[in-house]
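Listed below are the residues making up each chain.
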Amino acid sequence: LANLGTQAINSAINGLKSMGSALINVGKQAITSYADYEQLVGGVETLFGESAGIVQNYANEAYKSAGLSANEYMETVTSFSASLLQSLDGDTKKTAEYSNRAITDMSDNANKMGTDMSMLQNAYQGFAKQNYTMLDNLKLGYGGTKTEMQRLIQDASKLTGVQKELGVTVDANDMSFGNIVNAISVVQKQMGIMGTTSKEASSTISGSVNSMKSAWQNLLTGIADDNANFGDLINNCNPMAVNISIC
C-alpha cells in the first residue's frame, strides 16, 4: 500500500511538472506572438495612416474569412500594400479594402485549387513588382507571362455582370496592381472560387480546424495584451475543438 501511495504521489508530481512546462511554453509563445503583433501593427499604421484601424479589424476577422491569424494577415498585407497604395493614388481606405479582397482571394484559391498559400503570396508580391512569372500558381488557366496577365485582365473586363456584383471595375488596358487585383477577383468569382474559405470554416472539419488554429494564435497574442478582449478571443475558438493544444 505504501508503494502504491508513493507511485500515486510521483504520478501527481509528474503531472504537475508537465502542466507547468506547458504553461511556461504557452507564456513564451504568447510573449513572442504579441511582440510580433506590436511590430506588425506599427507597420500597418505607417502604411495606412488613419485607415490602419480598417486593416486591424479585417485582421481580427481573418481567422474565419481567410483562415489566417491576425499576425499572418498583417504580415501578408504589408508585403504588397505599398505597391497597391501607389497604384491607387495613395487612397489608404481603398487600399485597405483591395488588400483584404486580395488576401481573401488568395485563401479561397488555396482552398479550392489546393495551392500552397505561400506560393500565392509570392505570386501577388511578384504582381506588385510587375513580375508575372508566377501567375500560373493561381491555376486559373493563365501562364506566367505578361501577355497572359493581359489576357486575364481583358477576359475579366468583359465580365461586366460579375464586376457589378462585386462593385469593382476592370479596365482592359490597365496593368496597374490595383486593376490586377480586381481582375483576379472577377475571374475567381466567375469560376466559383470566391467565398470558399468562409464557407468551409463553417461547414467542413478541415475548414473548422484551420479557423480554430488561427483563432488560437490570436488567443496567444491576447494573453500578453492587457487591452485584448479575452472573452471574444476565447469565443472565437470554435466550440467543435476538443484538443486543448488547438484551442
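Look up: the structure comes first, before these words.
Numbering of residues starts from 1 in every chain and runs along the sequence as written. In keeping with the model being predicted, local features are shown solely for residues with a pLDDT of at least 70 and side-chain atom pairs are shown and tallied solely at 80 or more, while totals for entire chains, interfaces and linings include all residues. The basis for every side-chain value is the complete set of heavy atoms in the structure, and neither hydrogens nor water enter the calculation.

A. Molecular detail of the environment of Y34. Each helix is a run of H or I in the DSSP string that is no shorter than four residues. Each strand is a run of E no shorter than two, and both are numbered from the N terminus. Turning to its location among the elements, Y34 is positioned in helix α1 (residues 2-48). A 1.4 Å probe rolled over the protein chains alone gives each residue an accessible area, and that area as a share of the maximum for its type sets the label: buried under 20%, exposed over 50%, partly exposed in between. When its relative accessible area of 19% is taken as the criterion, Y34 is described as buried.

B. Representation of the packing of aromatic side chains. Any two of the Phe, Tyr and Trp rings considered here, Trp counted by its six-membered ring, make a pair once their centres fall within 6.5 Å; the pair's planes then place it as stacked at under 30 degrees, edge-to-face at over 60, or tilted in between. Applying the stated criterion across every chain yields a total of 3 aromatic pairs. Ring centres 6.4 Å apart and planes at 40° place the aromatic pair F80 and Y124 in the tilted group. Within this pair, whereas F80 is found in helix α3 (residues 70-87), its partner Y124 is found in helix α5 (residues 117-128), the two being separated by 44 residues in sequence. Residue class for F80 comes out buried when judged on its relative accessible area of 2%.

C. Here's a closer look at the nonpolar core. Ranked by size, the top nonpolar core spans 51 residues in total, and within it Y124 and F127 carry the most contacts. Mapped by element, the contributors of at least two residues to this core are α1, α2 (52-65), α3, α4 (92-113), α5, α6 (146-158) and α8 (177-190). Per element, the largest residue contribution to this core is 7 residues, and it comes from α8. Contacts are residue-level and defined by heavy atoms, with any inter-residue pair within 4.5 Å sufficient. When near neighbours in sequence (up to four residues on either side) are disregarded, F127 contacts Y132, M134, L135, L138, M149, F177, I180 and I184. Residues grouped as a nonpolar core are buried Ala, Val, Leu, Ile, Met, Phe, Trp, Tyr and Cys residues, joined through side-chain atoms within 4.5 Å.

D. Quick peek at the pattern of salt bridges. Salt bridge, as used here: a side-chain nitrogen of Lys or Arg that lies within 4 Å of a carboxyl oxygen of Asp or Glu. What the rule picks out here adds up to 4 salt bridges. Across the pair E61 and K64 runs a salt bridge whose closest N-O atoms are separated by 3.1 Å. Here E61 and its partner K64 are both found in helix α2, 3 residues apart, which amounts to about one turn of the helix. Taking the relative accessible area as the measure of exposure, E61 reaches 36% and is therefore partly exposed. Where K189 meets E165, a salt bridge forms, and the shortest distance between an N and an O atom there is 3.4 Å. Linking K189 in helix α8 with E165 in helix α7 (residues 160-166), this pair joins segments that are 24 residues apart in sequence. Note on K189: relative accessible area 30%, which makes it partly exposed.

E. Expanded view of α5. To estimate the expected span of a helix, count its residues, drop one, and scale the result by 1.5 Å. With 12 residues, α5 extends 17 Å between its outermost C-alpha atoms, agreeing within 8% with the 16 Å of an ideal straight helix rising 1.5 Å per residue. For α5, every residue scored as buried is listed here: M117, L120, Q121, A123, Y124, G126, F127 and A128. As for α5, its buried residues are in contact with α3, α4, α6 and α8. Trailing α5 by a residue or two, Q130 shows a phi angle of about 60°, which is positive.

F. Broad picture of α2. Taking 1.5 Å per residue, 14 residues should reach 20 Å; α2 reaches 19 Å between its end C-alpha atoms and fits that length. The angle between axes fitted to the seven-residue stretch ending at a residue and the seven-residue stretch beginning at it gives the bend at that residue. The axis of α2 is deflected most strongly, by about 30°, at A59. What α2 keeps buried is the set A52, V55, Q56, A59, A62 and Y63. Among the residues trailing α2, G67 stands out with phi positive, at a value near 65°.

G. Inspection of the environment of I184 at higher detail. Along the chain, the position of I184 falls in helix α8. Under the relative-accessibility criterion, I184 is labelled buried at 0%. Taking the C-alpha atoms as reference points, I184 and M106, separated by 78 residues in sequence, lie 9.7 Å from one another.

H. Examining the packing of α3 against α4 more closely. Between N-to-C directions, angles cover 0 to 180 degrees, with each direction set by a line fitted to C-alpha atoms, over the stretch in contact for helices. Interhelical geometry of α3 versus α4 gives an angle of 125° and a closest axis separation of 10 Å. With respect to their mutual orientation, α3 and α4 come out oblique. At the point where α3 passes α4, the crossing takes the right-handed sense. Where α3 abuts α4, its residues Y73, T76, V77, F80, S81, L84 and L85 lie against T92, T95, Y98, S99, N100, A102, I103 and M106. Classifying every residue of the contact of α3 with α4 by side-chain character gives 9 nonpolar, 6 polar and no charged. Each angle gets one of four labels, with under 35 degrees taken as roughly parallel, over 145 as roughly antiparallel, 65 to 115 as roughly perpendicular, and the rest as oblique. For any pair of crossing helices, the crossing counts as left-handed if the nearer helix is rotated counterclockwise from the farther one by less than a right angle, and right-handed if it is rotated clockwise. Residue type decides the class: Asp, Glu, Lys and Arg count as charged, Ala, Val, Leu, Ile, Met, Phe, Trp, Tyr, Cys and Pro as nonpolar, and the leftover types, Gly among them, as polar.

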